[in-house]
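Chains, contacts and geometry: an overview
Each chain, written out:
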Amino acid sequence: MAVISIKNKTKSGSLLVGNAFYNPPIFESIATTTLGSSASSVTFSSIPATYTHLQLRWIARSDRAAAQDFVDIRLNSDTGANYAAHLLYGDGSTATSTAYVSNTSVGVIFMPGSTATASVFGVGVMDILDYTNTNKYTTTRILGGADINGTGRTVLGSGLWMNTAAVSTLTIITDNASTFSQYSSFALYGIKG
């Protein structure tokens, strides 16, 4: 294991003979949006192409008149049926899985709706892997969850955008044409290394 200076991030040696140096990935904040009022979508545009991967993190709640809603993401404003995913859901007692193809967005992460317990928000993380590679489709890794009226729900999944364009825009929407509640927050990070 390498010894890395916190102050200047330089390698200063190995604690164990024969081990290769390890440089952990560096996360850099690109942009953060916290909603001052409800909104139907959040967009991060003009994303720099200087990172290896992107990571989108959120804390969100929906104004949909139901106990739950879902967070979905569109890449480069593509609204065509160009997305697919494999998802594993769990609620503490039951595990289910699903897959979809020819969808108009990728994501499907739980968040509370307006009839869920007040002030409870769902969380999620989506990695957009190798987002500037124009030789293959863009893949995502998804992890999230929420409490829906006392029942916790989680999701783990992978997604696919069937397009070879470099990703420069992310649009976050709800799955049911509702709005994100006030104080929902979305943060985009670039990952180097």
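Residues numbered from 1 in each chain as written. Predicted model: local features only at pLDDT ≥ 70, side-chain atom pairs only at ≥ 80, totals over all residues. Heavy atoms only, no water.

The strand order across the open sheet built from eight strands is E3-E14-E5-E10-E11-E12-E7-E8, with neighbouring strands paired in antiparallel fashion. The strands lining the two open edges of the sheet, one partner per strand, are strand E3 (26-34) and strand E8 (95-103). Shown here is a sheet whose adjacent strand axes are inclined to one another by a mean of 15°, direction ignored. One ladder, built from eight bridges, connects strand E7 (residues 83-90) with strand E12 (residues 151-161); its direction is antiparallel. Paired with Ala84 across the two strands is Leu160, which belongs to E12. (Pairing = 2+ DSSP bridges. Helix = DSSP H or I, 4+ residues; strand = E, 2+ residues; numbered from the N terminus. Axes fitted to C-alpha atoms, helices over the stretch in contact; angles between N-to-C directions.)

Note that Ser181 resides in the loop between strand E13 (170-174) and strand E14 (185-192). There is a polar contact of 3.4 Å between the side chain of Ser181 and the backbone oxygen of Ser62. Excluding residues within four positions of it along the chain, Ser181 makes contact with Leu35, Ser38, Arg61, Ser62 and Asp63. (Polar contact = N/O pair within 3.5 Å; in protein donor to acceptor, adjacent residues only side chain to side chain. Contact = heavy atoms within 4.5 Å.)

Moving on to the pairing of strand E9 (residues 106-112). With seven of seven residues buried, E9 is to be regarded as a mostly interior element. Here E9 shows two buried faces, one formed by Val106, Val108, Phe110 and Pro112 and the other by Gly107, Ile109 and Met111. (Buried < 20%, exposed > 50% of the residue type's maximum accessible area, 1.4 Å probe, protein only.)

Before going further, it helps to spend a moment on the packing of aromatic side chains. For the structure shown, the criterion picks out three aromatic pairs. A centroid spacing of 5.1 Å and a plane angle of 70° characterise the contact between Phe180 and Phe186, whose relative ring orientation is edge-to-face. Relative accessible area serves as the criterion here: at 0%, Phe186 is assigned to the buried category. One aromatic cluster is present, built from ring pairs that chain together Phe70, Tyr89 and Phe110. A cation over a ring is seen here: Arg57 above Tyr189, with NZ or CZ 4.0 Å from the ring centre. In this structure, Arg153 packs its charged tip against the face of Phe110, placed 5.7 Å from the ring centre. (Phe/Tyr/Trp six-rings, centres within 6.5 Å; stacked < 30°, edge-to-face > 60°. Lys NZ or Arg CZ within 6 Å of the ring centre and 35° of its normal.)

For the rest of this paragraph, the subject is a nonpolar patch on the surface. On the surface, Leu88, Leu143 and Leu156 cluster together into a nonpolar patch covering about 290 Å² of accessible area. When you line up the elements, Leu156 lands in strand E12. (Patch = residues over 30% accessible without salt bridge, like charges linked within 9 Å, V, L, I, M, F, W, Y side chains within 5 Å. Areas by Shrake-Rupley, 256 points an atom, 1.4 Å probe, with all protein chains shown as cover. Salt bridge = Lys/Arg side-chain N within 4 Å of Asp/Glu carboxyl O.)

At Ser77, a position not held by glycine, the phi torsion is positive, near 60°. Topologically, Ser77 is positioned in the loop between strand E6 (68-75) and E7. Residue Ser77 is classed as partly exposed on the basis of its relative accessible area of 49%. Positive phi is not limited to glycine here, since Asn149 has a value of about 50°. Summarising the element assignment, Asn149 is placed in the loop between strand E11 (138-148) and E12.

Moving on: the nonpolar core. Counting 38 residues, the largest nonpolar core has Trp58, Val71, Ile73, Ile172 and Phe186 as the members making the most contacts within it. If you tally residues by element for this core, the top one is E9, at five residues. For Trp58, the contacting residues outside a window of four places in its chain are Val71, Ile73, Ile109, Gly122, Val123, Gly124, Val125, Met126, Ser185 and Phe186. (Core = buried A, V, L, I, M, F, W, Y, C linked by side-chain atoms within 4.5 Å.)

Glancing now at the sheet that holds E9. In space, the four strands of this open sheet follow the order E4-E13-E6-E9, with antiparallel pairing throughout. In this open sheet, the two strands that pair with only one neighbour each are strand E4 (41-44) and E9. If you compare each strand with its neighbour and ignore which way they point, the axes differ by 20° on average. Sheet analysis places E6 next to E9, joined by six bridges and oriented antiparallel. In the sheet register, Phe70 faces E9, and the bridge partner there is Phe110.

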